[in-house]
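Residue-level structure breakdown
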Amino acid sequence: MDAPLRPLHVLLADDEAMLRLAIRLTLEDRGHRVTEAPDADRALVLARAGGFDLAILDVNMPGDGLRLLARLLDEAILPGRILMLTADVARWATREELERRGIPWLAKPFDFGELTRTLERMADEGSAPAG
């Protein structure tokens, strides 16, 4: 995989500590910086503080990932720069909500290469600010 065009600062919110660690290490190996949150409430505080290029959010975490997504979009925090992770994509309501909002998502378990490519493609397409 080619090197990313620029390093990103990524907000990663998921209640699974081992998955957060694996994602963080994968992204850091690509030169990105990752700030972790174990739940939606902490992620909202961090997102509001700013400084992130993109966010990776779990749908099913304490505090509710879909509720967090709605708040971020309503407050225009990271619009167009959010990637959702979900283990319940088979649940129609989850898929419908993500598709209705035009939010990219990956189903768990996912390929870490696919995660990295998706995230970097989002940044390369100009959906993330420079810096």
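Residues numbered from 1 in each chain as written. Predicted model: local features only at pLDDT ≥ 70, side-chain atom pairs only at ≥ 80, totals over all residues. Heavy atoms only, no water.

Description of the pairing of strand E1 (residues 9-13)
Burial of E1 is extensive: 5 of the 5 residues sit out of reach of the surface. Sheet topology note: the E1/strand E2 (residues 33-37) ladder contains 5 bridges and is parallel. Each bridged residue has a counterpart across the sheet, and for Leu11 the counterpart in E2 is Thr35. On the question of chirality, the crossover connecting E1 to the parallel E2 by way of helix H1 (residues 17-29) is right-handed. Note that E1 and strand E3 (residues 54-58) share 4 bridges and pair parallel. Looking across to E3, one finds that Val10 is bridged to Leu54. (Buried < 20%, exposed > 50% of the residue type's maximum accessible area, 1.4 Å probe, protein only. Helix = DSSP H or I, 4+ residues; strand = E, 2+ residues; numbered from the N terminus. Pairing = 2+ DSSP bridges. Right-handed = clockwise from strand over helix to strand, strands pointing away.)

Points about the packing of helix H3 (residues 65-74) against helix H4 (residues 92-101)
At a closest axis distance of 12 Å, the pairing of H3 and H4 adopts a crossing angle of 15 degrees. Here H3 is positioned roughly parallel relative to H4, judged by the angle of their axes. In this structure, H3 meets H4 at a crossing whose hand is left-handed. In this structure, H3 uses Leu66, Leu69, Ala70 and Leu73 to contact H4, whose residues at the interface are Thr94, Glu97, Leu98 and Arg101. (Axes fitted to C-alpha atoms, helices over the stretch in contact; angles between N-to-C directions. Parallel < 35°, antiparallel > 145°, perpendicular 65-115°, else oblique. Left-handed = near helix turned anticlockwise from the far one by under 90°. Contact = heavy atoms within 4.5 Å.)

Details of the side chain of Arg20
Along the polypeptide, Arg20 turns up in helix H1. Relative accessible area serves as the criterion here: at 12%, Arg20 is assigned to the buried category.

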